[in-house]
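Breakdown of the fold
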Amino acid sequence: MKILGISCGRKMSNTEILVKEALMGAEEMGAEVELVRLQDLNLKPCTGCNACVISLLEKGGAGECVIKDDDFAFIDEKILECDGIIIGSPIYEKTPSGQLKVLNDRMGPSHDMAMRIIGKKIREEKGITTGKGPDERSFKTRVASLIAVGGSEWDNLALPMMHLFTLSMQMEVVDKMLVNWVALPGMVALNDDALARARKSGRHVAETLMKPIEEAKYIGEEGMCPLCHSKVIEVRNEDNNYPVICGICGVKGTLNVVNGKVKFEVKEEDKVHSHIKLSGKFEHCEELKNVSLKPHPKRDELPQRLEKYRNYLSYSKPERK
């Protein structure tokens, strides 16, 4: 049982301390633990080239990223190796570290479990024996805990955006933890309650891995969404049947006031469309295939139309010595 800690904060500061405390808890339960500090890595942003998607959905390939001159292969291997993951990030402007978003983008379509299942099926159907297919480690269930650390209550998007990181690889999020009012470096080491809560989180990740995934329990604060526990809900009044949608897992439902409290209600038959479920992801893949990746009937006109923009303005760039 391997549990990986990813700290998106400064060395020996609040986020790293809480991630280490959680890893200590996991280690108490017999887990093999490892820590990666994201600031130590050189990660280039996703270019949106779609090469990974084409590799998986059209060629039965491995869905590998075309960017090779950075440290993505290193962190990718660490994530594929692990069974559980504990992610900690400081909160900047209500959101987690931008480095985590860069990693999230690189882990997106290329690591989506549904896309990798489709890629594997394409190889089998076409009898492809050359090249690499999707890494078999992609298909094991992983358990995750999220820890966000902030200096105030400007934290609304921190845990929701951290949850996005877990979607592609179908990680089961069993805990979310938010610690506020620790703006100064290392001060969380004086917060015994936060330390105990982090250790409990790490123990829970390890304990969950010892049982069938169907028995996994979420121990964090309950959010609005009954599926992913997010508090981020988008109102879409143009749809009378489904006026609201979860901003993280995409499940649709209605808002109602029950005993003076707002409640997000989702019909049982609509839960299969959630992005945290494989059924919802397969729907997304079908959408890509039938809409975004479908050849446009006027595609032959594209080169000519692009000429209008090709030479319009030159890029402003800093001078390099």
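Residues numbered from 1 in each chain as written. Predicted model: local features only at pLDDT ≥ 70, side-chain atom pairs only at ≥ 80, totals over all residues. Heavy atoms only, no water.

Looking only at helices and strands, the protein features 10 helices and 9 strands. The C-alpha radius of gyration computed for the protein amounts to 21 Å, which stays within 12% of the reference 20 Å derived for 321 residues, consistent with globular compactness. Principal axes of the C-alpha set define a box for the protein whose edges measure 65 × 60 × 45 Å. For the protein, with 321 residues in total, the buried portion stands at 43%. Counting contacts in the protein only where the partners sit at least 6 residues apart, residues at least 24 apart contribute 70% of the total. A total accessible area of about 18200 Å² is found for the protein, and carbon and sulfur atoms account for 52% of it. Within the protein, the 48 negative side-chain charges are centred at a point lying 4 Å from the centre of the 47 positive side-chain charges. (Helix = DSSP H or I, 4+ residues; strand = E, 2+ residues; numbered from the N terminus. Rg over C-alpha atoms; globule rule 2.2 N^0.38 Å. Buried < 20%, exposed > 50% of the residue type's maximum accessible area, 1.4 Å probe, protein only. Contact = heavy atoms within 4.5 Å. Areas by Shrake-Rupley, 256 points an atom, 1.4 Å probe, with all protein chains shown as cover. Lys, Arg positive; Asp, Glu negative; His and termini not counted. Charge placed at Lys NZ, Arg CZ, Asp CG, Glu CD.)

With that out of the way, let us pick up the sheet that holds strand β1 (residues 2-7). Here 5 strands make up an open sheet; going across it, the order is β2-β1-β3-β4-β5 and the pairing parallel. Looking along the sheet, the strands with just one partner apiece sit at the ends: β2 (32-37) and β5 (172-179). Ignoring which end each strand starts from, the neighbouring axes of this sheet average 15° apart. Sitting on the sheet, helix α1 (residues 14-28) is in contact with β1, β2, β3 (84-90), β4 (143-149) and β5, with an inclination near 165° to β2. Contacting β1, β2 and β3, helix α3 (residues 72-81) runs over the sheet at an angle of about 140° to β1. (Pairing = 2+ DSSP bridges. Axes fitted to C-alpha atoms, helices over the stretch in contact; angles between N-to-C directions.)

Tracing the chain through its elements places methionine 171 in the loop between α7 (158-167) and β5. In this structure, the C-alpha to C-alpha distance between methionine 171 and methionine 113, residues 58 residues apart in sequence, is 9.9 Å. Apart from the residues within four sequence positions on either side, methionine 171 is in contact with Ile79, Ile85, Arg142, Ala144, Phe165 and Thr166.

Below, the discussion takes up helix α6 (residues 113-126). Given a rise of 1.5 Å per residue, 14 residues ought to cover 20 Å, and the 20 Å separating the end C-alpha atoms of α6 matches this to within 8%. For α6, the set of buried residues is Met113, Ala114, Met115, Arg116, Gly119, Ile122 and Arg123. In the core, the buried residues of α6 are packed alongside α2 (51-57), α3, α5 (108-111) and α9 (278-292). The opening residue of α6 is aspartate 112, an N-cap whose side-chain oxygen sits 2.9 Å from the backbone nitrogen of alanine 114. Remark: glycine 127 follows α6 within two positions and exhibits a positive phi of approximately 65°. (Expected span 1.5 Å × (residues − 1). Polar contact = N/O pair within 3.5 Å; in protein donor to acceptor, adjacent residues only side chain to side chain.)

This brings us to the environment of valine 272. The residue valine 272 is located in the loop between β9 (261-265) and α9 in this model. Look at valine 272 and you get partly exposed, because its relative accessible area is 40%. Spatially, the C-alpha atoms of valine 272 and valine 251 are 8.3 Å apart, while their sequence positions differ by 21 residues. Each residue touching valine 272, except ones within four places of it in the same chain, is listed here: Lys277, Ser279 and Gly280.

One open sheet accounts for 4 strands, arranged β6-β7-β8-β9; its pairing is antiparallel. Every other strand in the sheet has two partners, leaving β6 (233-235) and β9 as the edge strands with one partner each. Across the sheet, the mean angle separating the axes of adjacent strands is 40° when strand polarity is ignored. Where strand β7 (residues 244-246) lies against strand β8 (residues 252-258), 2 bridges are found, and the strand directions are antiparallel.

At glutamate 93, a position not held by glycine, the phi torsion is positive, near 50°. Residue position: glutamate 93 is located in the loop between β3 and α4 (98-106). Classification of glutamate 93 as exposed rests on a relative accessible area of 65%. Look at leucine 313: it is not a glycine, yet its phi comes out positive at around 65°.

Per the stated rule, a full pass over the model turns up 0 aromatic pairs. One Lys or Arg, lysine 94, reaches over the ring of tryptophan 154 and ends 5.3 Å from the middle of that ring. Over the face of the ring belonging to phenylalanine 72 we find arginine 106, whose NZ or CZ atom lies 4.5 Å from the ring centre. (Phe/Tyr/Trp six-rings, centres within 6.5 Å; stacked < 30°, edge-to-face > 60°. Lys NZ or Arg CZ within 6 Å of the ring centre and 35° of its normal.)

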